[in-house]
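Each chain is listed here by its residues.
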Amino acid sequence: MAYKRKKDSNISLVTSQTDDKSILTVHEEQPGKDEPSDEGVCNIQVQVDFGDSKDRSSGISETFTVEEAVEAIGFGRFQWKLSMLTGVAWMADAMEMMLLSIVTPQLRCEWRLSSWKVAFITAIVFIGMMVSSSLWGNISDKYGRKLCLILCMLWTLHYGLLSAFAPVYSWILVLRCLVGFGLGGAPQSVTLYTEFLPIKSRGISIILLGVFWALGAVFEVLLAMVVMPTLGWKWLLAFSTFPLVVFAASCCWLPESARFDVLRGREDKALDTLKYIAAANGSSVPTGRLIANTQTERGRIRDLFIPEYRKTTLLVWLIWFCNAFSYYGIVLLTTELFQSGSAFFIFHSKTIIECNLECNYLTIHDYVDLLWTTLAEFPGILVTLWMIDRIGRKKSMAICFLLFSVSILPLYACTHRAVLTVFIFIARACITGGWQVAYVYTPEVFPTATRAIGIGTGSGMARVGALITPFIAQVLLKSSVYLTLSVYLICCLLGTVASLVLPMETTGRSLQESTQSTMEPKNMERPHGSETAESSSNTCP
């Protein structure tokens, strides 16, 4: 409504309030009117309905974010259940990876494969993971963490079972590549898990997920000790899908991330999820309305290279590459060196050190030593738990890389098998801890809109490292042990530097929701009668 003030008129504003309405009156009088009259007087009344006074006094006008809701709800029964389910996904990933170092020596002897063909069995899995990691990250950012995780785990289960029936070398390559394609989405379990964790619990909880990885690796070695000598490698492939079966049977419970729902504009669903978590934990959601930070463009790789994140993205990629290259390198080196019976032997006629890597089946003694080195992941996780919140994410990663480099130095010398096992144990503990910190740092440093694609591309770079490392640990090792060890030494020194020069420390930092700086508040709960109603009366002539 438009209103024009008359010349030489006097205006006064009067505000009155009833129980549930506020009335604004505009009173205009023209001079020269001695007697009260309706003529020359303009009354405009605007009534605004604020809802029941009881609702106003209860603080319903307050606002909260998903971050504040997660902090208020805290860590409880819901997070423990989610830890179990995402942990099963990690066990499945670990078992499929550990499987490579156990099955490839068997296939080398059974199918009389050259070193290049053996290395390619491992490499083809990482090719599948490298190709799919960014794709799964994009799916997670666009269509949801839950959908992405369920799809990739079911895909892995399907082709994992089929690979147990591979009759020849070419079929094992195709099917294990498809298994790798599914495993490329496994890191998205960390994306989902991270977004339900309070700040104080985040670092420790994600590190403890590494316990499930270690359990998966240990379980795979124990399973191989029983299955390989009696039933063979095909049954081992089939039994190794057991955690995937457990996940498939339980995934209907898996909730969607409330942060993701808010970002895509489904605030009602996000609020329902938060209320469900609060009920499970015996707490409550903050009163008020949920502030939604919506962003339609999600999961774009180019958003990782905006000025604020360009340096971080490149350094995170390098750290993931170094972690995977070194971790899978030490895993493959373990079986390669153990399979030879002795890491080195000295020709009596010459002082030249050579590798003695013949085609030998793994024995029970080899499995026991492999089990000991696999158990190294547990102390690595414990040390990382102590460090991560005390000295921060950056320094923790740098220390782990540096200690790995130091622990492989004694391998340059000819040494007994027991000494070899000890230093491999230390090296594996260090690189396991460092990689776990990278899993903590990456989802913390990227916002919700690009968190999954950030982890996905980081995981993709890790698979590049894992793809290259079989040709170092299984092929180059035959030519030069010294050169092989030097490659891993230099790689981890680069990882140390990259960790220290990261521009942001994320310890104690809230998760950012969007790459956009604007917040769009949206009312999530509207009490009865809270919608604004306006009425006006104009008595101006």
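These figures come from a predicted structure and were not determined experimentally.

Caption draft 1: Representation of the overall build of the protein chain within the structure. A count of helical and extended segments in the protein chain gives 19 helices and eight strands. Expressed as a percentage of its 541 residues, the buried residues of the protein chain come to 55%. Taking all contacts inside the protein chain whose residues are at least 6 apart in sequence as the whole, residues at least 24 apart take part in 82%. For the protein chain, the exposed surface amounts to about 22800 Å²; the carbon and sulfur share of it is 63%.

Caption draft 2: The packing of aromatic side chains, seen in detail. Throughout the structure, instances matching the rule amount to 24 aromatic pairs. Relative to Tyr 276, the ring of Phe 78 lies with its centre 6.3 Å away and its plane at 90°, an arrangement referred to as edge-to-face. Note that Phe 78 is positioned in helix H3 (residues 77-110) and Tyr 276 in helix H12 (residues 267-281), a separation of 198 residues in sequence. We classify Tyr 276 as partly exposed; its relative accessible area is 41%. Among the aromatic side chains, those forming a connected cluster through ring pairs are Trp 90, Phe 126, Trp 213, Trp 320, Tyr 327, Tyr 328, Trp 435 and Tyr 439. Geometry around Tyr 169 places Lys 117 over its ring, the cationic atom sitting 5.6 Å from the centre.

Caption draft 3: Highlighting the confidence of the model for the protein chain. The predicted model of the protein chain averages 77 in pLDDT, with 77% of residues at 70 or higher. Mean pLDDT values over the elements of the protein chain span from 37, in strand S6 (residues 344-346), up to 92, in helix H16 (residues 393-407). Low confidence marks residues 1-7, where pLDDT is under 50. Its contacts with residues over four positions away, or in another chain, come to twelve contacts. Confidence drops under pLDDT 50 across residues 32-61; counting only partners more than four residues distant or on other chains, this segment forms 79 contacts.

Caption draft 4: Just helix H6 (residues 169-183), in detail. Taking 1.5 Å per residue, 15 residues should reach 21 Å; H6 reaches 21 Å between its end C-alpha atoms and fits that length. Among all positions in H6, only Tyr 169, Ile 172, Leu 173, Leu 175, Arg 176, Val 179, Gly 180, Gly 182 and Leu 183 are buried. Against the buried residues of H6 lie H3, helix H4 (115-143), helix H5 (145-163) and helix H9 (233-239).

Caption draft 5: Structural detail: the nonpolar core. Met 97, Ile 102, Leu 236, Phe 247, Tyr 328, Phe 404 and Trp 435 are the most contacted members of the largest nonpolar core, which has 140 residues in total. For this core, the leading source of residues is H3, giving 17 residues. Not counting residues within four places of it along the chain, the set of residues in contact with Met 97 comprises Val 125, Phe 126, Met 129, Leu 183, Trp 213 and Tyr 328.

Caption draft 6: Expanded view of the environment of Glu 377. Tracing the sequence through the fold places Glu 377 in helix H15 (residues 377-391). For Glu 377 and Ile 426, which are 49 residues apart along the polypeptide, the C-alpha to C-alpha distance reads 9.0 Å. With near-sequence residues (within four places) excluded, Glu 377 lies in contact with Trp 213, Ala 214, Tyr 327, Arg 428 and Thr 432.

Conventions and cut-offs
Residues numbered from 1 in each chain as written. Predicted model: local features only at pLDDT ≥ 70, side-chain atom pairs only at ≥ 80, totals over all residues. Heavy atoms only, no water. Helix = DSSP H or I, 4+ residues; strand = E, 2+ residues; numbered from the N terminus. Buried < 20%, exposed > 50% of the residue type's maximum accessible area, 1.4 Å probe, protein only. Contact = heavy atoms within 4.5 Å. Areas by Shrake-Rupley, 256 points an atom, 1.4 Å probe, with all protein chains shown as cover. Phe/Tyr/Trp six-rings, centres within 6.5 Å; stacked < 30°, edge-to-face > 60°. Lys NZ or Arg CZ within 6 Å of the ring centre and 35° of its normal. pLDDT = per-residue confidence, 0-100. Expected span 1.5 Å × (residues − 1). Core = buried A, V, L, I, M, F, W, Y, C linked by side-chain atoms within 4.5 Å.

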